[in-house]
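These are the residues of each chain, in order.
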Amino acid sequence: MPKIIFLPHEELCPDGAVVDAEEGESVLDAALRNDIGIEHACEKVCACTTCHVIIREGFDSLEESDELEDDMLDKAWGLEPESRLGCQAKVADEDLVVEIPKYTVNMVSENH
């Protein structure tokens, strides 16, 4: 069973975390199942960037992002070549090391 290593994040997991993930499970679902509260304003339908994560190790084991995800990622804060939306990045058979960016762009909450 692959593992996801979440690097320390000041608010969501200050000490970091190592969690088991099912193959085919999204990085976001694995995080939420383990009480790592990554934001997901669009309810996991690839319509925002609040679940933006950076895959520090294991990026090449993920399926390639599609055009819709790429278009969303263009709007993400702190975009990097290994950026993915947590709701779209499905765990394969390799362990992942994931960084949760310090900031997120939430169009829903910031426009109210």
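The rules behind these values
Residues numbered from 1 in each chain as written. Predicted model: local features only at pLDDT ≥ 70, side-chain atom pairs only at ≥ 80, totals over all residues. Heavy atoms only, no water. Salt bridge = Lys/Arg side-chain N within 4 Å of Asp/Glu carboxyl O. Helix = DSSP H or I, 4+ residues; strand = E, 2+ residues; numbered from the N terminus. Buried < 20%, exposed > 50% of the residue type's maximum accessible area, 1.4 Å probe, protein only. Contact = heavy atoms within 4.5 Å.

Draft legend 1. How the structure looks around the pattern of salt bridges. In total, this model carries seven salt bridges according to the counting rule given. Here Arg56 and Glu99 are joined by a salt bridge, their closest N and O atoms 2.7 Å apart. With Arg56 in strand E3 (residues 52-57) and Glu99 in strand E5 (residues 96-99), the pair connects residues that are 43 residues apart, well separated along the chain. Accessibility expressed as a relative area gives 26% for Glu99, which makes it partly exposed. Here Arg84 makes a salt bridge to Glu69, at a shortest N to O gap of 2.8 Å. With a gap of 15 residues between them, Arg84 in strand E4 (residues 83-85) and Glu69 in helix H2 (residues 67-73) connect regions that are remote in the sequence. For the pair shown, Arg84 and Glu69 are each scored as buried.

Draft legend 2. Looking closely at the environment of Asn34. With respect to the helices, strands and loops of the structure, Asn34 is situated in the loop between helix H1 (27-33) and E3. C-alpha of Asn34 to C-alpha of Thr50: the two residues are 16 residues apart in sequence and 18 Å apart in space. Not counting residues up to four positions away in its chain, the partners in contact with Asn34 are Val19 and Asp20.

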